[in-house]
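Below, each chain spelled out in residue letters.
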Amino acid sequence: QKEVEQNSGPLSVPEGAIASLNCTYSDRGSQSFFWYRQYSGKSPELIMFIYSNGDKEDGRFTAQLNKASQYVSLLIRDSQPSDSATYLCAVNNGGSNYKLTFGKGTLLTVNP
Amino acid sequence: NAGVTQTPKFQVLKTGQSMTLQCAQDMNHNSMYWYRQDPGMGLRLIYYSASEGTTDKGEVPNGYNVSRLNKREFSLRLESAAPSQTSVYFCASTSDRARRGYTFGSGTRLTVV
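Here's a quick rundown of the structure.

The rules behind each value
Residues numbered from 1 in each chain as written. Chains lettered and ligands numbered in written order. Predicted model: local features only at pLDDT ≥ 70, side-chain atom pairs only at ≥ 80, totals over all residues. Heavy atoms only, no water. Salt bridge = Lys/Arg side-chain N within 4 Å of Asp/Glu carboxyl O. Helix = DSSP H or I, 4+ residues; strand = E, 2+ residues; numbered from the N terminus. Buried < 20%, exposed > 50% of the residue type's maximum accessible area, 1.4 Å probe, protein only. Contact = heavy atoms within 4.5 Å. Buried area = accessible area lost by both parts, 1.4 Å probe. Polar contact = N/O pair within 3.5 Å; in protein donor to acceptor, adjacent residues only side chain to side chain. Nonpolar A, V, L, I, M, F, W, Y, C, P; charged D, E, K, R; others polar.

### Some words on the pattern of salt bridges
Between side chains of opposite charge, a pair can form when the charged atoms approach closely.
Next up, step 1: The final tally for this structure, using the stated rule, is six salt bridges over all chains.
Next up, step 2: Across the pair Asp83 of chain A and Arg60 of chain A runs a salt bridge, and its minimum N-O distance is 2.9 Å. Of the two residues, Asp83 of chain A is situated in the loop between strand E8 (71-76) and strand E9 (85-92) and Arg60 of chain A in the loop between strand E6 (54-58) and strand E7 (61-66); the sequence distance between them amounts to 23 residues.
Next up, step 3: Judged by its relative accessible area of 1%, Asp83 of chain A falls in the buried class.
Next up, step 4: What emerges from the salt-bridge pattern is a single network uniting Arg36, Asp38 and Arg44 of chain B.

The structure is reproduced here in structure tokens:
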């Protein structure tokens, strides 16, 4: 059973702080990694993807991947109240069916 | 530029009734997926279609059937709805071997009473 684990939270940070979201995965063959943001009552929207070890930055978001430790994280700098949402980690094991396995998500609350 | 369109957005069924959830994408994606999302359970894969003409079971297929009608459309059918199927259902699609993840529809909120 391929698993993706996230702390359910809630993670609460003050406005302007750095929010750090973490995810571990069980399948060493996993090839690509995704972070989705889901507002309450809405569908997931892709905010970052990463394939290679190291950091990938996009605006206020940085994804970090460490395949040896089977660990992927998302940093949100200068957190805003509008960042309050559930963040889903997803992993693609590279099979021909292109399935993503999702974690259960971490609820982030950014307090003004 | 609609992306992935799901219908209906909301539905209430009585136990034992049947219904079909519709999903269509206009991005020329090859692969399509149906997930359900329940509180505390995350997104769980029901069925998927890696390419037109193929369908396969996911993690929680019992009580559901699917049809990949053509490259654009992938429907999910509940033959005899049960209260345990109360959930939010998401359709998603992808191309390029999912290297850029999935695009999700807006979801169908289904209640079975």
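So, next bit.
### Points about the interface of chain B and chain A
Accessible area lost on assembly of the parts is the figure often given for the size of an interface.
Next up, step 1: At the junction of the two partners, chain B supplies 23 residues and chain A supplies 22 residues.
Next up, step 2: Here chain B packs against chain A, burying approximately 1700 Å² in sum over the two surfaces, 56% of which is carbon and sulfur.
Next up, step 3: At the junction of chain B and chain A, the tally comes to zero salt bridges.
Next up, step 4: On the surface where chain B and chain A come into contact, there are seven residue pairs in polar contact (both at pLDDT 80 or more).
Next up, step 5: Of all elements in the fold, only strand E4 (31-38) and strand E5 (42-49) of chain B reach the threshold of two or more residues within the side of chain B that touches chain A.
Next up, step 6: Looking at the side of chain B that touches chain A, its residues break down into 11 nonpolar, seven polar and five charged.

Any link to function would need more than the numbers given here.
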